[in-house]
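Residues per chain, in single letters:
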Amino acid sequence: MNLLSTLARVGQWAVRGGPMQQARRVRRRMVILLAVIGPGVITSNVNNEAGGIYTYSLAGAQFGLAVLWALVPMGFALFVTEEMCARMGSVTGKGLSDLIREEFGFRVTFFVMLAMFAVNQGNVLAEFAGVASAMQLFGVSKYISVPLAAILVWVLVLQGTSRWLERIFMTFCLVYFAYVISAFFAKPHWLIAVLHLLPTPVLQHVPHVKQWITPTPFNMAYLLILAGLIGSTIAPWQHFYLQAAVVEKRVGPRQYRQTRTDVMVGTITSVCIIFFIVVCTATTLYAVGHKEITDAGEAAQALVPLAGQWAGALFAVGLLNASLFAASILPLSTAYVICEGLGFEAGVNYKFKEAPIFYWLYTAMIVLGAGAILLPDVPLVKMAVLSQVANGVLLPFVLVFVLLLVNRRDLMGEQTNTKTYNALAWGTTAAMVVITLVLLYFSMFPPTGPAGSAAVH
Amino acid sequence: MLHATEVLGAETYDAHGNFVGRVKELFIVPADQPNRVARILLGRGKYRPLVAKHDQVAFVAPGTLKLNVDERVLEPFEPNEAWLAVRKDLLDQQIIDTEGRKVVRVNDLDLAEERTNSTMEMRVTRVDVGLPGAVRRLLEGLVSPGVIRRIQENLPPKTIQWEFVNLVEPDPLRRVKLRLSSQKLEKLHPADLADIMEALSPAERQAIISSVDEETAAEALAELDERLKAQIVEKLDPEKAADIIEEMAPDEAADLLADLPPETSQEVLAEMPRAEAQEVQELLRFEENTAGGLMNTEFVFVGEDAAVEEVLEWVRSLEVEPEHLDTIFLIDKQAMLSGTVGVGRLLLASGGQKMSELKSELLPMVSTEAEDVEVFEIFDKYNLRSLAVVDANRRPIGAITVDDVVSRLRQAA
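Computed from a predicted model, the values in this text were never measured in an experiment.

Chemist: So, the overall build of chain A: which residues are in play, and what are the values?
Modeler: From N to C terminus, chain A includes 22 helices and zero strands. Out of the 457 residues belonging to chain A, those deemed buried represent 51%. Long-range pairs, those at least 24 residues apart, make up 83% of the contacts in chain A between residues at least 6 apart in sequence.

Chemist: Give a description of the pairing of strand β6 (residues 57-61) of chain B that names residues and reports values.
Modeler: Sheet topology note: the β6(B)/strand β7 (residues 64-67) of chain B ladder contains four bridges and is antiparallel. Within the sheet, the bridge partner assigned to Val57(B) lies in β7(B) and is Leu67(B).

Chemist: Help me get a handle on the nonpolar core, residues and values and all.
Modeler: In this structure, Phe128(A), Val278(A) and Ala335(A) are the most contacted members of the largest nonpolar core, which totals 139 residues. Per element, the largest residue contribution to this core is 20 residues, and it comes from helix α17 (residues 311-342) of chain A. Once residues within four sequence positions are removed from consideration, Val278(A) is found in contact with Tyr56(A), Ala59(A), Gly60(A), Val67(A) and Leu68(A). If you look at the next biggest cluster of nonpolar residues, it comprises 38 residues, including Ala253(B), Leu269(B), Met272(B) and Phe286(B).

Chemist: Could you give me a rundown of the packing of helix α6 (residues 96-137) of chain A against helix α3 (residues 131-139) of chain B, with the residues and numbers involved?
Modeler: When two helices pack together, you describe them by how their axes are tilted relative to each other and by the distance separating the axes. α3(B) packs onto α6(A) with a crossing angle of 90° between their chain directions and a minimal axis gap of 9 Å. Classified by the angle their axes make, α6(A) and α3(B) are roughly perpendicular. Side by side, α6(A) and α3(B) meet where Phe106(A), Arg107(A) and Phe110(A) of the first sit next to Ala134(B), Arg137(B) and Leu138(B) of the second. Taken together, the residues that form the contact of α6(A) with α3(B) break down as four nonpolar, no polar and two charged.

Chemist: Outline the confidence of the model for chain B, listing residues and values.
Modeler: Of all residues in chain B, 100% attain a pLDDT of 70 or more, and the chain-wide mean is 88. The ipTM value of the predicted complex is 0.73, and its pTM value is 0.79.

Chemist: Tell me about the sheet that holds strand β12 (residues 108-115) of chain B, residues and numbers included.
Modeler: Residues and elements named next belong to chain B. In space, the four strands of this open sheet follow the order β1-β12-β13-β14, with antiparallel pairing throughout. The open sheet is flanked by β1 (2-3) and β14 (159-161), the only strands paired with a single partner. Inspection of the sheet shows β1 paired to β12 by two bridges, in the antiparallel sense. Looking across to β12, one finds that Leu2 is bridged to Leu111. α3 contacts β1, β12 and β13 (120-128) of the sheet and is inclined by roughly 90° relative to β12.

Chemist: Would you mind going over helix α12 (residues 250-259) of chain B in detail, with residue names and values included?
Modeler: Given 3.6 residues per turn, any residue in an α-helix points the same way as the ones three and four places further on. Of all ten residues making up α12(B), ten are buried, and the element is well covered by its neighbours. Burial in α12(B) covers these residues: Pro250(B), Asp251(B), Glu252(B), Ala253(B), Ala254(B), Asp255(B), Leu256(B), Leu257(B), Ala258(B) and Asp259(B).

Chemist: Tell me about the domain arrangement of chain B, residues and numbers included.
Modeler: How big an interface is tends to be expressed through the accessible area that disappears when the partners come together. Taken domain by domain, chain B comprises domain 1 (2-161), domain 2 (181-285) and domain 3 (294-412). Each of domain 1 of chain B and domain 3 of chain B was reduced to a C-alpha centroid, and the two centroids are 63 Å apart.

Chemist: Explain the environment of Pro39(A) residue by residue, including any values.
Modeler: Residues and elements named next belong to chain A. The residue Pro39 is located in helix α3 (residues 39-47) in this model. The spatial distance from the C-alpha of Pro39 to the C-alpha of Ala245 is 5.8 Å, given a sequence separation of 206 residues. With near-sequence residues (within four places) excluded, Pro39 lies in contact with Leu242, Ala245, Val246, Lys249 and Asp262.

Calculation notes
Residues numbered from 1 in each chain as written. Chains lettered and ligands numbered in written order. Predicted model: local features only at pLDDT ≥ 70, side-chain atom pairs only at ≥ 80, totals over all residues. Helix = DSSP H or I, 4+ residues; strand = E, 2+ residues; numbered from the N terminus. Buried ≥ 20, exposed ≤ 12 C-beta atoms within 10 Å, placed from the backbone. Contact = placed C-beta atoms within 7 Å. Pairing = 2+ DSSP bridges. Core = buried A, V, L, I, M, F, W, Y, C linked by C-beta atoms within 7 Å. Axes fitted to C-alpha atoms, helices over the stretch in contact; angles between N-to-C directions. Parallel < 35°, antiparallel > 145°, perpendicular 65-115°, else oblique. Nonpolar A, V, L, I, M, F, W, Y, C, P; charged D, E, K, R; others polar. pLDDT = per-residue confidence, 0-100. Domains from an automatic or database assignment.

Below, the structure is given as structure tokens:
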């Protein structure tokens, strides 16, 4: 009977071995690599939002190249603090707010979240201020642009299109290269600009070199702008966001090296963009004695060498993109982080009824942020810079939690900080505390004189 | 009814009314009773902490606890892994609500008081995961308990019955000591279990996979995304991993093994029975987005001259999953694919008919290198439920079933 004779095992017919053996594996590896590159770079790019751009422009306009040296320790601090969060996300698989909740209890979490809400609300407000001033350059009234932007963000993000939006915004981040190109058109002395990355407060006393150095004025306005720079570069929310993104991407310990690279690339990109914005404004505004920036039109002057009469438009597009990018990510991630920490349902895959607190928080942030900008006579630039100061105040608290958690052996196993790393991280935190105190002092006893008042505008 | 956080921190007095200390922790001893607060840890500042047993408690109210014994009778505290700690293991931690099929965070616990002659026992009845618990945690110690209770009455309660609570303990030894069983998880639909696992941390996911039975583990893994799957299996010991992978369909197993580091997948394959390992290894050669990557090597084929009753008898003797049975492939004398017979036709045929008389007019097939898009088109065009994959000599070496097509299309979308 021929039935049984043809019942050979299928497997034996297949050819064994061969160069194809690993084909499936290689293909998948590449996909995984691409998927891991991301959270760090995205976080840094969101970070260069409206408040940031204003602060960097203002820094360059007021003090020229004399603020550049601060970028090196700042970039360093940014990397150290972000890396700890990324590492925690990868090892524990839990978000920062989850960990604070589990290890410090409900009440502590509640107050951290409350502060987060207040500070991030300030940031959202700054983003809508960015939208308003960008659209004003195109002659669109804020009473039209801001409500439109608010509705756009609210609808698009809740539609679950945030991934898709993220890509569009990331593409538009290329607008930042306008500053790089503009800096080249402005023809600064590059060697001198790079020289300013070294600590200029020291260099200005070194013979033969000091003639090239923009003097560093150690007055209050200068310290204030430095604090603002740090506040806008190292913001509390980005640590929560980064850790959540690492958890969501399921970066395990095996892919952690790639993520660290990603965080480093993000940090370097972020610092480079600041460098070029400062060089641009230093060459175009500071050099001609134009040290005040009170609206977007003046900030746009930095792009004149590249774009000439189109500088305003270019600046507006960049500012609009930055603002909308952050406005679409900040309220959502804040609502998410708060609900996660306090144990409420969170996520756009829930219906409104299933996660009411999440949706109400999200909506409130957008409505309050956009609403405040619609009040008459709101000083837009000032709001933007002040929100950065609030970031600076919250940051040390968040860093203390991060440090306490990252050194817990029961959570992190072998991945706790080394002694050197701890010294660096605690040093950064201490520096932040000092800067915060300086800021608080200034906010209680405002510096007098033209230079001082300019910084707060 | 009491709440755990009202008892934690309570001032404790002994039978003579002397102050003993404050309640630092409540312990459930699951080996005795699953829901009774069996031990109460009393902190005494710089002195050694003491432990009161459930039958030594005379009375409990928010903020106060009275013992029915003298302080000297109480035993000094020795940490015990087999005790479930309310504050450390439950409050603020994530648990699985097996009824609501999701992961929730514990705000507080509801305790029922049970009064007997001279004792008062506390039993955990529900877990509070909603606003009332949150408000209590926030206001406790700042506002009087009465006020808190009044505020709570106006808030929507959200609680889970203690019987439906499943704890996740990453440490396998402690899991045994705490008598944590996974039966409730095994009863969940694999897709729900997978959703739950996604909401947990890696250590907790690991705990679930190694505590549920292999079949459940395989089904739940199949529902997870690729990276998560690989991460979980990589951390299992190869023997356990092999046991789970054996339960999977060969094509799923191959997809999974391809994502593991080469050494790990070799180790796992070495632990699997020969035949199954070979099957999977052959599938590993194919690229993911080709017919070879989609196909399954479990399929049924018979000689075209066989009679229907012969085939039925033979198929009954096979250990084959029913879902791989909906199409039977025919081969000729050269072992080349010569036709397909749907099970429906087989059912309607009379016993003496030859298989070749039943075969469909069309004979679609693909080579292993065919792109997945092509496969989808063929499925769509001919309304297939399964499609034969053939080698260069037109010999069938696998079959693609419609469920594989659907899940691949969904991934692509």
